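Per-entry structural report
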Amino acid sequence: MALITRVSRLFQSDLHAVLDRIEEPEALLRQAVREMQEALDRDAHQAKLLKREQAQLVVRQADLKRSLAEIEEN
């Protein structure tokens, strides 16, 4: 079984080496940069949404504390 795995990995690495030679490195780099920028944009958007949600939760927490204080006074 180990021999089959090794041979499979050897063929796979050879295939990857051939593909690396066929593809344009500059095009691959540009694509990688685009993908990273998209990931950064998604993360920035997610961070903005989370900050907005956090602000809403802080307001809600203050409201609940105020309500609790009013209940405790009565």
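The structure under discussion appears in the preceding block.
Residues numbered from 1 in each chain as written. Predicted model: local features only at pLDDT ≥ 70, side-chain atom pairs only at ≥ 80, totals over all residues. Heavy atoms only, no water.

In this section: the overall build of the protein chain. Regarding its fold elements, the protein chain presents two helices and zero strands. Rg of the C-alpha trace for the protein chain: 27 Å, well past the compact-globule value of 11 Å for 74 residues, more than 25% over. Expressed as lengths along the three principal axes of its C-alpha atoms, the size of the protein chain is roughly 80 × 40 × 5 Å. As displayed, the protein chain has an accessible area near 7300 Å², and 59% of this comes from carbon and sulfur atoms. Averaging the positions of the 12 positive and the 14 negative side-chain charges in the protein chain gives two centres separated by 2 Å. (Helix = DSSP H or I, 4+ residues; strand = E, 2+ residues; numbered from the N terminus. Rg over C-alpha atoms; globule rule 2.2 N^0.38 Å. Areas by Shrake-Rupley, 256 points an atom, 1.4 Å probe, with all protein chains shown as cover. Lys, Arg positive; Asp, Glu negative; His and termini not counted. Charge placed at Lys NZ, Arg CZ, Asp CG, Glu CD.)

Time to look at the pattern of salt bridges. In total, this model carries one salt bridge according to the counting rule given. A salt bridge links Arg-66 to Asp-63; the nearest nitrogen and oxygen atoms lie 2.9 Å apart. Of this pair, Arg-66 and Asp-63 both sit in helix H2 (residues 25-73), three residues apart, which is roughly one turn of the helix. Judged by relative accessible area, which is 48%, Arg-66 ranks as partly exposed. Its relative accessible area of 35% is what places Asp-63 among the partly exposed residues. (Salt bridge = Lys/Arg side-chain N within 4 Å of Asp/Glu carboxyl O. Buried < 20%, exposed > 50% of the residue type's maximum accessible area, 1.4 Å probe, protein only.)

On to a negative patch on the surface, then. Among the surface-exposed residues, Glu-35, Glu-38, Asp-41 and Asp-43 lie close enough to one another that they form a single negatively charged patch. Tracing the backbone through its elements, the reader meets Asp-43 in helix H2. (Patch = residues over 30% accessible without salt bridge, like charges linked within 9 Å, V, L, I, M, F, W, Y side chains within 5 Å.)

Now for a nonpolar patch on the surface. Taken together, the side chains of Leu-15, Val-18, Leu-19 and Ile-22 make up a nonpolar region of the molecular surface, amounting to roughly 370 Å² of accessible area. Looking at where Leu-15 falls in the secondary structure, it is placed in helix H1 (residues 2-22).

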